[in-house]
Amino acid sequence: VKEGDGHRRRGRLFIAAALTVTGSAFVGLVLFRFLPLFAVLTLLVTYVSVGGWRVAGTRSAGPQRVDLAWTLMAIAAAGALVPVLLAAPHVGSSRPVVVWSALGALGFILAYDLVRWTLPRTWLRRLWVLEHIYKVVSALSGMASAFVGNVVEWGQPWSQVAPSALGMLVIVYFV
């Protein structure tokens, strides 16, 4: 476990940067151009960034009411996004394989966050660090995938999947 002021400080900077990125992405999606992949990644990265920060703060105390509210809001946002995604054209960087796998990743973590309310506190004392690693690395790989999808034109959609696959390898390594 990376205890210490340096890790906490870098974590706060990471959360601030992630929320800045996702906030600007949200504004771009609403005001400029809606892209299905970026909509899903914006929701996913925002959710796991905050979740990774929250689990480090609550640790063995387990989820709090604010965490439940956060999860329910994300479920509602994902549910509202599904019909929009079904109607949206899947062109360019928004290929269905990438869009729906990103939404599946969000669904997976939302399901886990609901289930963890039923887990014994003794489990939560051990699981929080794994959850923290998963969520923070997922946020970073989600942002990397969005970046690649926006900048790299060759190898679509697989060039977007590569950051997520690399992120999973990092998660497995640290777990």
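Right, let's walk through the structure included here. Here the structure is a predicted model, which is why all the values come from computation and not from measurement. (Residues numbered from 1 in each chain as written. Predicted model: local features only at pLDDT ≥ 70, side-chain atom pairs only at ≥ 80, totals over all residues. Heavy atoms only, no water.)

1. A short note on the overall build of the protein
Counting its regular elements, the protein contains six helices and zero strands. Ordered by position in the sequence, the α and β elements of the protein form the string α-α-α-α-α-α. Since a compact globule built from 175 residues should have a radius of gyration of about 16 Å, the 16 Å found for the protein is in line with a globular shape. Structurally, the protein occupies a C-alpha span of about 45 × 30 × 25 Å along its principal axes. Buried positions account for 41% of the 175 residues belonging to the protein. Counted over contacts in the protein with a minimum sequence separation of 6, partners at least 24 positions apart contribute 73%. Total accessible area computed for the protein in this model is approximately 9,900 Å², and 71% of it derives from carbon and sulfur atoms. Looking at the protein, you have 15 positive and 6 negative side-chain charges, and the mean spots of the two groups are 3 Å apart. (Helix = DSSP H or I, 4+ residues; strand = E, 2+ residues; numbered from the N terminus. Rg over C-alpha atoms; globule rule 2.2 N^0.38 Å. Buried < 20%, exposed > 50% of the residue type's maximum accessible area, 1.4 Å probe, protein only. Contact = heavy atoms within 4.5 Å. Areas by Shrake-Rupley, 256 points an atom, 1.4 Å probe, with all protein chains shown as cover. Lys, Arg positive; Asp, Glu negative; His and termini not counted. Charge placed at Lys NZ, Arg CZ, Asp CG, Glu CD.)

2. Describing a nonpolar patch on the surface
Side chains of F26, V27, V30, L31 and F32 sit close together on the surface and give an oily, nonpolar patch of about 570 Å² of accessible area. The topology assignment puts L31 in helix α1 (residues 5-31). Judged by relative accessible area, which is 60%, L31 ranks as exposed. (Patch = residues over 30% accessible without salt bridge, like charges linked within 9 Å, V, L, I, M, F, W, Y side chains within 5 Å. Salt bridge = Lys/Arg side-chain N within 4 Å of Asp/Glu carboxyl O.)

3. Quick word on empty space enclosed by the protein
With the rule as written, the count across this model stands at two cavities of 30 Å³ or more. Quantified by volume, the largest cavity comes out at close to 60 Å³. Elements with a contribution of two residues or more to the lining of the largest cavity: α2 (36-58), α3 (65-87) and α5 (121-151). The leading source of residues in the lining of the largest cavity is α2, at four residues. Of the residues that constitute the lining of the largest cavity, the class distribution is three nonpolar, two polar and six charged. (1 Å grid on protein atoms, 1.4 Å probe; cavity = no way out; pocket = protein on both sides within 12 Å on 5 of 7 lines; lining within 4 Å. Points joined across faces, edges and corners; volume = space filled by probe spheres on them. Nonpolar A, V, L, I, M, F, W, Y, C, P; charged D, E, K, R; others polar.)

4. Observations concerning the side chain of E131
One can find E131 in helix α5. Within the structure, E131 has its side chain in polar contact with the side chain of R116 (distance 3.0 Å). At a separation of 2.6 Å, a polar atom in the side chain of E131 contacts the side chain of K135. If we ignore the near neighbours within four places in the chain, the residues touching E131 are V55, Y112, D113 and R116. (Polar contact = N/O pair within 3.5 Å; in protein donor to acceptor, adjacent residues only side chain to side chain.)

So, to be careful, I would describe these as geometric facts and stop short of saying anything about function.
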